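# Notes for the structure review
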Amino acid sequence: MDWKKLLSTNRTGQATRVQHHDRTQFQRDYDRLIFSSPFRRMQDKTQVFPLPGSVFVHNRLTHSLEVASVGRSLGSNIARFLNKRYGDELPLADELGSVVAAACLAHDMGNPPFGHSGEKAISDYFKYGKGQDLKNMVGSREIWNDFIAFEGNANALRVLTHKFKGRRNGGFALTYTTVASIVKYPYASGREDLKKYGFFQSEKEMFLNIASELGLREVSGDVFARHPLVYLVEAADDICYQIMDIEDAHKLGILSTEETRALLMAFYDPVEDKSHLKRIKEVSKEVTDTNEQIAYLRAGVIGKMVDACTRIFTEHHDEILNGTFNGALTEHLQSPVYDAMKQCSKVGFEKIYKHPSVVEIEIAGFKILGTLLDEFIHAVLNPQHYYSGLLLPFIPEQYRVPDSSPVHQRIQTVIDFISGMTDVYALDLFRKIRGTRLGSKN
């Protein structure tokens with residue numbers, strides 16, 4: 001692959017034209033995302049823990065902002081590397097920080113309410129729930145795969161690029177490079193040898209066009225190599241959720257201060273990081289607030305991992321550019337950082353993600369989303385029913401399609417509607433439908 005093609009300011013759904021702005025094209029992507037309604041709604045979408053109690057923990061929005069901050073650092077580091085390697089041949093290389101930051105803002109915009117359990121709830125409705133009965137009505141095996149294995153990553157691409165009713169061509173009309181940078185799995189659903197996927201059938205043509213324009217390497221039939229910047233977005237996400245979940249668990253009392261400190265200190269080598277450890281000791285004497293001590297340790301660990309991932313990217317640059325690099329950047333970390341990160345993952349799985357407060361959200365999400373899917377899919381497929389007429393106005397106009405549309409398109413409108421909900425709105429609508437919240441104006 002060629003960086004000259006990989007860095008493109010062409011925009012989805014828009015004619016190619018020269019435009020002059022005070023901001024660069026990639027800065028415009030960033031601003032366009034951060035001022036959007038789907039981005040704002042992430043402030044009320046679960047990251048891991050319930051939202052929020054007496055202790056404010058991360059939601060999807062704060063997580064995405066932090067990922068964007070880390071991603072900008074990674075992108076800027078790689079920009080310096082490319083400038084040294086290619087000189088003036090890549091004038092857009094200086095913009096890598098903005099590109100990666102924008103992609104990081106967008107990477108979770110397709111996730112439904114209630115965290116990752118929301119994805120599972122949508123999938124299970126079609127695979128094991130009442131939605132099973134719709135399989136023959138949908139007909140297409142490829143489209144059915146999109147429903148039974150609903151993927152937030154693929155939905156993000158749809159949110160960003162699909163022309164919803166009343167909206168412009170190309171959705172957000174982002175640059176090809178920013179869009180390609182969020183596609184961790186550059187192939188469609190239905191591959192039994194590949195668990196996740198990057199785009200629905202409805203966005204397949206859009207992605208293939210982007211892949212062609214950017215010169216993404218086709219590994220096999222409609223399976224492409226990742227855009228190189230995907231590795232930076234993925235690394236920023238991995239770094240943030242691994243480390244920030246540990247800090248949130250400490251604030252909530254799930255992990256003790258001693259446990260948390262031990263997990264973070266394990267990232268440092270006693271010999272190679274002697275100066276850093278000395279500085280940590282000095283700061284710990286000055287800063288006596290426990291949460292601030294943990295925050296300082298967390299910041300240092302993130303910086304250490306950014307440097308390590310930068311080094312891995314530059315060392316494997318040619319493999320990444322050729323599409324032959326395997327795994328995530330964080331999977332190539334060396335000890336003690338690799339071992340420390342694996343231990344954080346182990347603790348997260350055993351103590352955090354199985355914590356009752358987290359499991360309760362997952363259970364609620366299954367019940368709430370399953371009910372909403374059932375009610376609204378029945379309504380869009382039976383619009384002549386009186387009860388359907390009461391429900392259909394809840395679906396925003398942008399998601400609506402004619403009653404004569406194919407079944408799968410009508411079902412997709414419901415998935416678009418529900419996946420875009422906040423946790424609170426989904427719960428509120430669920431209660432109203434169940435008749436347990438009559439008269440509420442919210």
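Being a predicted model, the structure only gives us computed values, none of them experimental.

## Re the packing of helix H13 (residues 257-265) against helix H15 (residues 290-315)
- Axis separation between H13 and H15 bottoms out at 10 Å; the angle between their running directions is 20°. Accordingly, the angle class assigned to the pair H13 and H15 is roughly parallel. Helix-helix and strand crossings are classified by hand; for H13 and H15 the assignment is left-handed. Every residue of H15 that contacts H13 at Thr257, Thr260, Arg261, Leu264 and Met265 is listed here: Thr290, Gln293, Ile294, Leu297, Arg298 and Val301.
- Across the contact of H13 with H15, the residue classes break down as five nonpolar, four polar and two charged.

## Notes on the side chain of serine 123
- Structurally, serine 123 is set in helix H6 (residues 115-127).
- Not counting residues up to four positions away in its chain, the partners in contact with serine 123 are Phe147, Ile148, Ala149 and Phe150.

## As for the nonpolar core
- Within the largest apolar cluster, 87 residues are counted, with the highest numbers of intra-cluster contacts made by Trp3, Leu33, Phe267, Met305 and Leu329.
- The element best represented in this core is helix H12 (residues 228-251), accounting for twelve residues.
- With residues near it in sequence (within four places) discarded, methionine 305 still touches Ile239, Ile243, Phe267, Leu333, Val337 and Met341.
- Of all hydrophobic cores here, the second largest spans 44 residues; its members include Ile122, Tyr197, Leu381 and Leu391.

## Describing the environment of proline 113
- When you line up the elements, proline 113 lands in the loop between helix H5 (96-106) and H6.
- Proline 113 sits 85 residues away from glycine 198 along the chain, and the two C-alpha atoms are 19 Å apart.
- In contact with proline 113, other than residues within four places in its own chain, are Lys45, Gly118, Leu369, Ile418, Ser419, Met421, Thr422, Asp423 and Ala426.

## Regarding unusual backbone geometry
- Of note, the bond from serine 335 into proline 336 is cis; its omega dihedral lies within 30 degrees of zero at 5°.
- With respect to the helices and strands, proline 336 occurs in the loop between helix H16 (317-322) and helix H17 (337-352).
- The phi dihedral of alanine 173 is positive, around 55°, even though this residue is not glycine.
- Relative to the helices and strands, alanine 173 resides in the loop between helix H9 (152-161) and helix H10 (176-180).
- Residue alanine 173 is classed as buried on the basis of its relative accessible area, which comes to 1%.
- Although it is not a glycine, aspartate 222 sits at a positive phi angle of roughly 60°.
- For aspartate 222, the position within the fold is in the loop between strand E1 (218-220) and strand E2 (223-224).

## Let's talk about the packing of aromatic side chains
- Applying the stated criterion to the full structure yields eleven aromatic pairs.
- Taken together, a centroid distance of 5.1 Å and an interplanar angle of 85° make the contact between tyrosine 125 and phenylalanine 126 edge-to-face. Residues tyrosine 125 and phenylalanine 126 agree in their burial class; the two are buried.
- Ring pairing ties together the aromatic residues Tyr125, Phe126, Trp144 and Phe147, which thus form one cluster.

## Focus on H5
- Counting buried positions over the eleven residues of H5 gives eleven, a clear majority of the element.
- Inspection of H5 places Leu96, Gly97, Ser98, Val99, Val100, Ala101, Ala102, Ala103, Cys104, Leu105 and Ala106 among the buried residues, and these make up the whole buried set.
- Considering only its buried residues, H5 is in contact with helix H2 (25-34), helix H3 (37-41), helix H4 (60-86), H9, H10 and H12.

Rules of the game
Residues numbered from 1 in each chain as written. Predicted model: local features only at pLDDT ≥ 70, side-chain atom pairs only at ≥ 80, totals over all residues. Heavy atoms only, no water. Axes fitted to C-alpha atoms, helices over the stretch in contact; angles between N-to-C directions. Helix = DSSP H or I, 4+ residues; strand = E, 2+ residues; numbered from the N terminus. Parallel < 35°, antiparallel > 145°, perpendicular 65-115°, else oblique. Left-handed = near helix turned anticlockwise from the far one by under 90°. Contact = heavy atoms within 4.5 Å. Nonpolar A, V, L, I, M, F, W, Y, C, P; charged D, E, K, R; others polar. Core = buried A, V, L, I, M, F, W, Y, C linked by side-chain atoms within 4.5 Å. Buried < 20%, exposed > 50% of the residue type's maximum accessible area, 1.4 Å probe, protein only. Phe/Tyr/Trp six-rings, centres within 6.5 Å; stacked < 30°, edge-to-face > 60°.

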